[in-house]
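In case you want the letters, here they are:
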Amino acid sequence: VAAEWLGFRGEAAEFAMTLVAIALTLLGLRPWSRFRRMRAPRNHPAWWAFIVHRISGVALALFLPAHFLAMGLALRGEAPLDEFLRWSEQPLVVAGEWVLVMLLAAHLAGGSGFSRWSSCRGAIGRRRSRRSRRDSRWRVD
Amino acid sequence: MTVNGSPRWTCRTHVDNVAAAGVLEIAPLANLPVVKDLVADMREFFDKWARAGGRFKPTASRADPAAVVKPDSRARREADAGIECIGCGICYAACDVVAWNKDYLGPAALNRAWTLVNDVRDGGQRERLAAVAGDAGCHSCHTLMSCTELCPKSLSPTRSIAGLKRATASLVFAASPPLRNRGRQAMNSRREVVSGSRNARRRWCWPCA
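It should be emphasised that the depicted structure is a prediction, and the values quoted were computed from it without experimental measurement.

The secondary structure content of chain B amounts to eleven helices and five strands. Across the 209 residues of chain B, 45% fall into the buried class. Only carbon and sulfur atoms are counted for the fraction: they give 54% of the accessible area of chain B, which is about 11,100 Å².

Right, here's the structure in full:
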């Protein structure tokens with residue numbers, strides 16, 4: 001069905017999609033913990049969330065004085081600010097503004113820690129009980 | 001020890017599970033002074049447990065009846081979630097905040113403090129919360145969660161530290177901290193205010209008092 005939906009037809013496509021399905025199933029059956037053990041110690045969602053939060057935070061902190069300088073132009077009268085606003089309509093500056101919005105969103109996402117909620121919030125020891133059910137006693141790596 | 005860059009229990013690590021490329025690199029635990037070869041000096045690690053108020057401070061003597069702690073009470077379940085720490089130091093070695101700030105108490109010590117904060121029999125809560133609220137305490141945690149990822153006992157020190165953050169914040173913002181474990185302290189203060197039969201004391205509530 002997936003092959004047809006993607007526009008592939010014929011026995012070869014069906015065979016290929018079956019192989020993909022089998023591979024995905026085997027990947028799913030393979031214990032995730034094995035991948036976890038092989039990973040570098042910092043390669044996990046919470047650490048990446050921290051990095052995103054920190055880098056976007058530094059970038060936003062650098063932007064803030066520039067923002068205040070631009071706003072401060074209004075103190076010198078209407079003309080300087082209007083001139084700056086006209087300058088800011090350039091495509092590159094508009095693209096920069098989009099990057100800024102993305103940085104804000106990333107900072108919010110990294111700081112609110114959605115990736116950490118599974119173990120920090122919610123039911124007491126949810127993560128622990130889930131994991132300790134799987135390996136009932138001491139974990140053997 | 002550190003195995004291929006990750007702190008681990010070497011006694012319980014199967015080589016074929018961690019040696020992805022057939023290479024095994026072994027080093028002493030990070031963030032601790034090395035004594036010799038693969039031996040790290042754990043004194044600093046355990047000194048921080050003491051500094052975080054990791055010692056139980058009893059409120060009852062042996063003449064008193066044993067404290068009744070309901071297994072399904074919130075405080076008991078909170079303590080239960082962190083109580084099985086064996087002090088192996090893996091979280092401490094994995095923590096980047098310890099690497100950045102040598103005075104940081106570390107995940108294990110703070111986890112221990114949180115289990116005691118949830119111990120209704122303990123009488124040293126204010127001192128303990130003051131000890132963990134400093135610059136090197138729970139508020140320095142950036143929730144990197146490497147401790148939780150690598151804990152061989154599947155504990156979540158990050159969760160415990162989050163609990164300490166809430167408890168210490170409530171100390172600052174509330175005149176009467178809403179610690180769930182005040183138990184005995186609360187009962188003692190009630191006894192001073194309320195007189196009457198035991199049943200009357202049991203039904204005590206602040207709007208009525």
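After that view, the rundown keeps rolling.
The next subject is the packing of helix 4 (residues 45–72) of chain A against helix 6 (residues 91–112) of chain A. All names here are of chain A. At their nearest, the axes of helix 4 and helix 6 sit 8 Å apart, and the two run at 135° to each other. When the axis of helix 4 is compared with that of helix 6, the two are oblique. As for how helix 4 packs across helix 6, the hand of that crossing is left-handed. On helix 6, the residues touching Ala49, Val52, His53, Ser56, Gly57, Ala59, Leu60 and Phe63 of helix 4 are Leu100, Leu103, Leu104, Ala106, His107, Gly110 and Gly111.

Take the pattern of salt bridges next. All names here are of chain B. With the rule as written, the count across this model stands at ten salt bridges over all chains. For the salt bridge of Lys57 with Glu127, the shortest nitrogen-to-oxygen distance reads 3.7 Å. Taken together, the residues span a long stretch of sequence, with Lys57 in the loop between helix 2 (43–51) and helix 3 (74–82) and Glu127 in helix 7 (residues 125–132) at a distance of 70 residues. One salt bridge connects Arg74 with Glu78, and the closest N-O pair in it is separated by 3.6 Å. Of this pair, Arg74 and Glu78 are both found in helix 3, four residues apart, which corresponds to roughly one turn of the helix. Here the salt bridges share partners, and the residues they tie into one network are Arg74, Glu78 and Arg159.

Definitions and limits used
- Residues numbered from 1 in each chain as written.
- Chains lettered and ligands numbered in written order.
- Predicted model: local features only at pLDDT ≥ 70, side-chain atom pairs only at ≥ 80, totals over all residues.
- Heavy atoms only, no water.
- Helix = DSSP H or I, 4+ residues; strand = E, 2+ residues; numbered from the N terminus.
- Buried < 20%, exposed > 50% of the residue type's maximum accessible area, 1.4 Å probe, protein only.
- Areas by Shrake-Rupley, 256 points an atom, 1.4 Å probe, with all protein chains shown as cover.
- Axes fitted to C-alpha atoms, helices over the stretch in contact; angles between N-to-C directions.
- Parallel < 35°, antiparallel > 145°, perpendicular 65-115°, else oblique.
- Left-handed = near helix turned anticlockwise from the far one by under 90°.
- Contact = heavy atoms within 4.5 Å.
- Salt bridge = Lys/Arg side-chain N within 4 Å of Asp/Glu carboxyl O.

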